[in-house]
Amino acid sequence: MKKVGIGQWILGLVLFLYTMICLLPVILVVIVSFSSDESINKNGFSFFPEQWSLKAWEYVGSFGRQLINSYAVTIFITIGGTVLGLIIMSMFAYTLSRKNFELRSFLSIMMLITMLFSGGLLSSYLVNTTMYHLKDNLLVLLLPGTMNVMNVIILRTYIQSNIPDALIESAKIDGARERTIFWKIAAPMMKPALASVGFMMAVGYWNEWQGAMIYITSPSKTPLQLLLVRIENNINFLMQNAGNVPTDVYASMSQNIPQNSGRMAILLTVLGPIMVIYPFFQKYFVKGLTVGSVKG
């Protein structure tokens, strides 16, 4: 058995302390979400509240069917956009990685131009609503995120670094076409990079709310993030207009809308699924990003 030196003990202690520093705020958020607003207003945020309460979660759960529907919409957008984006970007990255492809330089330059210049929010809104007629359509939340220049660069670099040209050339000699080479050889070998890029895409889709606020009007198509933004706005409205509302009315409203604990419950509603999924993608996430950062 290899002897553990004092340096490794110190490093382990430092990493443990850093982990606890990162973990304690999450634990505090969970505890506060189950605390009563009275104890929070009296003692502030605490790991040991005087009074426990489920009002925050009851308030979030009061949206019932709308909350479930918003979860379904967000899951559909996240899974659909991530899968479609990985297919498009991996095929594009594979194409750019082939040195004998004549349009390689031209497409690379065009891709980088889109990374440096943008038409802005107004132009994209006009194009999406007047030309593509995507107003109040879930496709407007799904399609724009399927192409990301940095992700394409990461995938292209991974292919160039981990898939030998000799392997592809030998497959061509055996009669395999480019489509067969990509799906049978390149794609299976790209799993670490696809997992890391896919996780980043999924987080982006999951946290997206601005596009939904601009384009989506139907309650049945409202994603989770937009719903929770509206819940947060209700809480902010209550706090900002406390002086303009009669005391008895404000007391009744504040009982139904927990302010501080409600925010923490909203936060956990959003972060919960990502926190559960992340550990399963961590090893691929680190490996894919490391490869993509070594070679540009």
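In this text, all values refer to a predicted model and were calculated from it rather than measured experimentally.

Trainee: Residues and numbers for the overall build of the chain, please.
Mentor: Helix and strand content of the chain: 15 helices and zero strands. When each of the 296 residues of the chain is scored for burial, the buried share is 35%. Across the chain, the fraction of contacts at a sequence separation of at least 24, relative to all contacts at a separation of at least 6, is 75%. Approximately 17800 Å² of the chain is accessible, and the part contributed by carbon and sulfur atoms is 68%.

Trainee: I'd like to hear about the packing of helix H9 (residues 165–173) against helix H10 (residues 178–189), residue by residue, with values.
Mentor: Two elements in contact, H9 and H10, have axes whose closest approach is 10 Å; the angle formed by their N-to-C orientations is 145°. At the point where H9 passes H10, the crossing takes the right-handed sense. Where H9 abuts H10, its residues Leu 167, Ile 168, Ala 171 and Lys 172 lie against Glu 178, Ile 181, Ile 185 and Met 189. Looking at the contact of H9 with H10 residue by residue, the classes come out as six nonpolar, no polar and two charged.

Trainee: So what's going on with the confidence of the model for the chain? Residues and values would help.
Mentor: Taken residue by residue, the chain gives an average pLDDT of 82. The fraction at 70 or more is 86%. Overall, residues 292–296 carries pLDDT values under 50, and its contacts beyond four positions in sequence, including any with other chains, amount to six contacts.

Trainee: For the packing of aromatic side chains, give the residues involved together with the corresponding values.
Mentor: Applying the stated criterion to the full structure yields five aromatic pairs. With centroids separated by 5.7 Å and ring planes inclined at 35°, the aromatic side chains of Phe 34 and Trp 57 adopt a geometry described as tilted. Note that Phe 34 is positioned in the loop between helix H1 (6–33) and helix H2 (37–43) and Trp 57 in helix H3 (residues 55–61), a separation of 23 residues in sequence. Taking the relative accessible area as the measure of exposure, Phe 34 reaches 30% and is therefore partly exposed. Exposure remark for Trp 57: the relative accessible area of 27% places this residue in the partly exposed category.

Trainee: Run through the pattern of salt bridges, naming residues and quoting values.
Mentor: Under the counting rule described, the total for this entry stands at three salt bridges. The partner of Arg 98 in a salt bridge is Asp 165, and the shortest N-O contact between them spans 3.5 Å. Residue Arg 98 is located in the loop between helix H4 (64–97) and helix H5 (104–116), and its partner Asp 165 is located in helix H9; the two are separated by 67 residues in the primary sequence. On the accessibility criterion, Arg 98 (8% relative accessible area) is buried.

Trainee: Summarise the packing of H10 against helix H11 (residues 191–207); cite the residues concerned and give the values.
Mentor: Packing of H10 against H11 brings their axes to within 5 Å, and their N-to-C directions diverge by 65°. Counted together, Ala 187, Pro 188 and Met 189 of H10 and Lys 191, Pro 192 and Leu 194 of H11 form the full contact between these two elements. Here the contact of H10 with H11 is composed, by residue class, of five nonpolar, no polar and one charged.

Trainee: An account of the nonpolar core is requested, with residue identities and associated values reported.
Mentor: General note: in soluble globular proteins, nonpolar side chains tend to be found buried as a group. Ranked by internal contacts, the top residues of the largest apolar core, which has 36 residues, are Tyr 94, Met 111, Val 152, Leu 155, Met 190 and Val 197. Counting residues per element, the ones that place at least two in this core are H4, helix H7 (139–142), helix H8 (149–162), H9, H10, H11 and helix H12 (210–215). The leading source of residues in this core is H4, at eight residues. In this structure, Tyr 94 is in contact with Ile 159, Ile 168, Glu 178, Ile 181, Phe 182 and Ala 186, ignoring residues within four places of it in sequence. Counting residues in each nonpolar core, the second largest holds 14 residues, with Val 60, Trp 206, Ile 231 and Val 270 among its members.

Trainee: I'd like a description of the environment of Ser 53, backed by residues and values.
Mentor: The topology assignment puts Ser 53 in the loop between H2 and H3. For the pair Ser 53 and Ser 35, spaced 18 residues apart in the sequence, the C-alpha separation amounts to 5.0 Å. Leaving out residues up to four positions away in the same chain, Ser 53 has contacts with Ser 33, Phe 34, Ser 35 and Ser 36.

Trainee: Any chance you could break down the side chain of Thr 78 for me, citing the residues and the numbers?
Mentor: Looking at where Thr 78 falls in the secondary structure, it is placed in helix H4. Owing to a relative accessible area of 10%, Thr 78 belongs among the buried residues under this scheme. One polar contact links the side chain of Thr 78 to the main-chain carbonyl oxygen of Thr 74, over a distance of 2.7 Å. The residues touching Thr 78, leaving out its near neighbours within four places in the chain, are Ala 202, Tyr 205 and Trp 206.

Trainee: An account of a nonpolar patch on the surface is needed here, citing residue identities and associated values.
Mentor: A grouping of Phe 101, Leu 103, Phe 106, Ile 109, Met 110, Leu 112, Ile 113, Met 115, Leu 116, Phe 117 and Met 150 is seen on the molecular surface, where their side chains present a nonpolar patch of about 1100 Å² in accessible area. No other element matches H5, which puts seven residues into the nonpolar patch. Along the polypeptide, Ile 113 turns up in helix H5. Its relative accessible area of 39% is what places Ile 113 among the partly exposed residues.

Scoring rules and cut-offs
Residue numbering note: each chain is counted from 1, following its sequence as written. Local features in this predicted model are restricted to residues whose pLDDT is 70 or higher, and side-chain atom pairs enter the listing and the counts only when it is 80 or higher, whereas totals over whole chains, interfaces and linings include all residues. Think of the side-chain values as coming from all heavy atoms in the structure, minus any hydrogens and water. Each helix is a run of DSSP H or I of at least 4 residues and each strand a run of E of at least 2, with the numbering of both proceeding from the N terminus. The buried label goes to any residue with under 20% of its type's maximum accessible area, the exposed label to any with over 50%, and the partly exposed label to all in between, with areas taken from a 1.4 Å probe on protein chains only. In this analysis, two residues are considered to be in contact whenever any of their non-hydrogen atoms come within 4.5 Å of each other. The protein chains shown are the only cover counted for residues, whose accessible areas, like all others here, come from Shrake-Rupley with a 1.4 Å probe. Between the N-to-C directions of two axes lies an angle of 0 to 180 degrees, each axis being a line fitted to C-alpha atoms and, for a helix, fitted only over the stretch in contact. By convention, the crossing between two helices is left-handed when the near helix turns anticlockwise from the far helix through less than a right angle, and right-handed when the turn is clockwise. Amino acids are sorted into nonpolar (Ala, Val, Leu, Ile, Met, Phe, Trp, Tyr, Cys and Pro), charged (Asp, Glu, Lys and Arg) and polar (every other residue, Gly among them). pLDDT: the predictor's confidence for each residue, scored from 0 to 100. Pairing of aromatic side chains here covers Phe, Tyr and the six-membered ring of Trp, requires ring centres within 6.5 Å, and sorts the geometry by plane angle: under 30 degrees stacked, over 60 edge-to-face, intermediate tilted. Any Lys or Arg side-chain nitrogen located within 4 Å of an Asp or Glu carboxyl oxygen qualifies as a salt bridge. Think of a nonpolar core as a cluster: buried Ala, Val, Leu, Ile, Met, Phe, Trp, Tyr and Cys residues, connected wherever their side-chain atoms sit within 4.5 Å. Polar contact criterion, stated in full: a pair of N or O atoms within 3.5 Å, where within protein one must be able to donate a hydrogen and the other to accept it, and residues adjacent in sequence count only if both atoms are side-chain atoms. By definition, no residue in a patch forms a salt bridge, and every one has over 30% relative accessible area; like charges are joined within 9 Å, nonpolar side chains (Val, Leu, Ile, Met, Phe, Trp, Tyr) within 5 Å.

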